[in-house]
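So the chains spell out like this:
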Amino acid sequence: MVGINVFREKLQQLSARSLLRTLAPLESATGANVQYRGREVILLSSNDYLGLSNHPEVVRAAITATEQYGVGSGASRLVSGTLPPHTHLETTLARFKGTEAALLFGAGYIANLGIIPTLIESGGLILADRLCHASVIDACRLSRADFRVFRHGDCNHVESLLRRRTTDRPTLIITEGVFSMDGDLAPLPDLVSLAERYGATVYVDDAHGTGIMGATGRGTVEHFGLERRIPFHMGTLSKALGSHGAFLVGPKDLVQYMINVTRPFMFATALPPAVAAASSAALTVIDQEPERRARLWTNRQRFFDGLKNLGCRLTPTASPILPILIGDAAAASSFAERLLSLGVYATAIRPPTVPDGTSRIRFTVTSEHTTDQIDEALDALRIVIRETGLV
Ligand SMILES: *Cc1c(COP(=O)(O)O)cnc(C)c1O
């Protein structure tokens with residue numbers, strides 16, 4: 001057993017570098033405004049883009065499913081944990097995304113850990129965008145394939161790595177649809193063209209695109225009109241769908257194979273029925289209430305324009321993720337603290353979530369924010385910018 005003092009020292013080291021993390025417990029449900037540290041604040045840090053986690057029909061579906069099927073699923077999917085809400089959600093997801101089949105996972109993190117090593121094995125090559133989510137990076141390490149990162153969104157770099165392959169080996173190009181910490185979109189049309197030209201396959205993690213991107217909220221693949229050229233992709237139920245879990249959508253042979261070999265699918269208990277039922281209800285709401293998406297993008301534009309007016313240094317975002325770059329981790333932390341003191345909750349994102357020297361305040365707007373809340377947040381931001389001289 002390692003001496004407990006080791007961890008105290010390690011914590012002190014993190015603290016000295018302004019990289020210490022602590023939990024930040026809310027005292028209410030999530031939403032446009034929340035109770036935090038004893039007061040009401042405007043929340044600009046949630047991925048619940050469409051406010052679906054508290055939508056009456058989504059909540060009702062979870063309650064009904066719990067009453068009908070209980071809280072836990074009782075087993076993994078392959079044993080006896082496949083209940084009607086799971087089957088229904090997979091059918092609904094496949095229809096929503098326009099694929100033959102869908103497969104549920106316990107979380108986005110777990111989905112990547114399972115799917116990526118299944119898609120590519122020893123002897124293969126993975127090219128992953130440098131800014132891909134930690135779960136993608138961990139999955140690449142877990143697969144036995146060789147693994148290179150390419151410069152963020154840089155198709156020339158991808159092409160040079162593809163050219164450099166000595167043999168015609170299986171190659172997987174991994175990207176996010178909407179990048180979670182920068183809010184920009186992958187150059188998907190160019191990546192797909194490269195993949196087609198060089199005999200590679202594109203894997204899209206559309207955690208942040210699903211539900212909000214594209215004319216009907218199908219995601220980043222719809223946004224770019226690439227449904228026929230990207231036959232499968234991964235997404236989560238935990239962001240715009242306001243629920244929990246993740247999925248792969250694609251051809252039924254691929255899904256059937258995953259069911260047979262993908263360990264995080266095989267050896268984990270099925271999602272709670274309530275969560276599956278809530279996700280299905282959320283997909284219905286997305287189709288029935290397109291005004292939520294419209295409100296989201298209106299709010300996003302208002303906040304984006306406000307940030308521009310304040311002279312903020314923004315990432316090249318094209319989504320409701322609106323990060324302002326600060327750079328130094330300590331400066332980002334104190335910036336967030338000061339914003340909070342003015343009633344605005346927006347998290348400082350520091351390494352290792354983002355590369356060194358790119359600490360930032362990552363704002364996310366939702367359909368549920370009012371115009372007044374957005375303007376109030378911008379007013380608070382104006383004050384902090386003036387005080388700190390930052391941005
Ligand atoms: C949030 C996120 C995940 C993880 O999904 P969870 O459902 O939270 O485990 C994976 N990939 C990306 C790009 C994400 O933003």
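Residues numbered from 1 in each chain as written. Predicted model: local features only at pLDDT ≥ 70, side-chain atom pairs only at ≥ 80, totals over all residues. Heavy atoms only, no water.

1. Considerations on the overall build of the protein
Counting secondary structure elements, the protein contains 15 helices and 13 strands. Compactness check: the protein gives a C-alpha radius of gyration of 21 Å against a globular reference of 21 Å for 391 residues, within 12% of the reference. Classification of the 391 residues of the protein by burial places 55% in the buried group. A sequence separation of at least 24 residues applies to 70% of the contacts in the protein between residues at least 6 apart. Accessible area of the protein: about 17400 Å², with a carbon and sulfur share of 52%. Of the side-chain charges in the protein, 39 are positive and 38 negative, and the distance between the mean point of each set is 5 Å. (Helix = DSSP H or I, 4+ residues; strand = E, 2+ residues; numbered from the N terminus. Rg over C-alpha atoms; globule rule 2.2 N^0.38 Å. Buried < 20%, exposed > 50% of the residue type's maximum accessible area, 1.4 Å probe, protein only. Contact = heavy atoms within 4.5 Å. Areas by Shrake-Rupley, 256 points an atom, 1.4 Å probe, with all protein chains shown as cover. Lys, Arg positive; Asp, Glu negative; His and termini not counted. Charge placed at Lys NZ, Arg CZ, Asp CG, Glu CD.)

2. Description of the sheet that holds strand β2 (residues 39–43)
Reading across from one edge, β1-β2-β11 is the order of the three strands in this open sheet, with mixed pairing throughout. Only two strands of the sheet have a single neighbouring strand rather than two, namely β1 (33–36) and β11 (344–345). Direction of pairing for β2 relative to β11: parallel, over a ladder of two bridges. The residue of β11 that forms the bridge with Ile42 is Val344. With respect to the sheet, helix α15 (residues 371–388) is in contact with β1, β2 and β11, its orientation differing from that of β2 by roughly 95°. (Pairing = 2+ DSSP bridges. Axes fitted to C-alpha atoms, helices over the stretch in contact; angles between N-to-C directions.)

3. Topic: the packing of aromatic side chains
Given two aromatic rings, their pairing is described by the distance between the two centres and the angle made by the two planes. The final tally for this structure, using the stated rule, is three aromatic pairs. Their ring planes at 65° and their centres at 4.8 Å tell us that Tyr36 and Tyr345 sit as a pair that is edge-to-face. Of this pair, Tyr36 sits in strand β1 while Tyr345 is found in strand β11, placing the two residues 309 residues apart along the sequence. Of the two residues, Tyr36 and Tyr345, both sit in the buried class. The ring of Phe96 has Arg218 lying over it, and the distance from NZ or CZ to the ring centre is 3.9 Å. (Phe/Tyr/Trp six-rings, centres within 6.5 Å; stacked < 30°, edge-to-face > 60°. Lys NZ or Arg CZ within 6 Å of the ring centre and 35° of its normal.)

4. Description of the domain arrangement of the protein
Domain parsing of the protein yields domain 1 (22–49 + 290–388) and domain 2 (54–288). Centre-to-centre separation of domain 1 and domain 2, based on C-alpha positions: 27 Å. Each side of the interface is counted separately: domain 1 has 25 residues, and domain 2 has 27 residues. Note on domain 1 versus domain 2: buried area summed over both sides is about 1800 Å², and carbon and sulfur give 57% of it. Here domain 1 is connected to domain 2 by one salt bridge. For the salt bridge of Asp182 with Arg360, the shortest nitrogen-to-oxygen distance reads 2.8 Å. Put simply, domain 1 and domain 2 have 13 residue pairs in polar contact (both at pLDDT 80 or more) between them. At the level of elements, α13 (290–309), β10 (321–327) and β13 (359–364) are the ones that each hand at least two residues to the side of domain 1 that touches domain 2. For the side of domain 1 that touches domain 2, the element with the most residues is α13, which contributes six residues. Of the residues contributing to the side of domain 1 that touches domain 2, the split by class is 13 nonpolar, six polar and six charged. (Domains from an automatic or database assignment. Buried area = accessible area lost by both parts, 1.4 Å probe. Salt bridge = Lys/Arg side-chain N within 4 Å of Asp/Glu carboxyl O. Polar contact = N/O pair within 3.5 Å; in protein donor to acceptor, adjacent residues only side chain to side chain. Nonpolar A, V, L, I, M, F, W, Y, C, P; charged D, E, K, R; others polar.)

5. With respect to the environment of Pro231
Mapped onto the elements of the fold, Pro231 is located in the loop between α9 (220–223) and β8 (233–236). The class of Pro231 is partly exposed, set by a relative accessible area of 46%. Considered as a pair, Pro231 and Pro251 are 20 residues apart in the sequence and their alpha carbons are 7.0 Å apart. Those residues in contact with Pro231, other than ones at most four positions away along the chain, are Thr99, Val249, Gly250 and Pro251.

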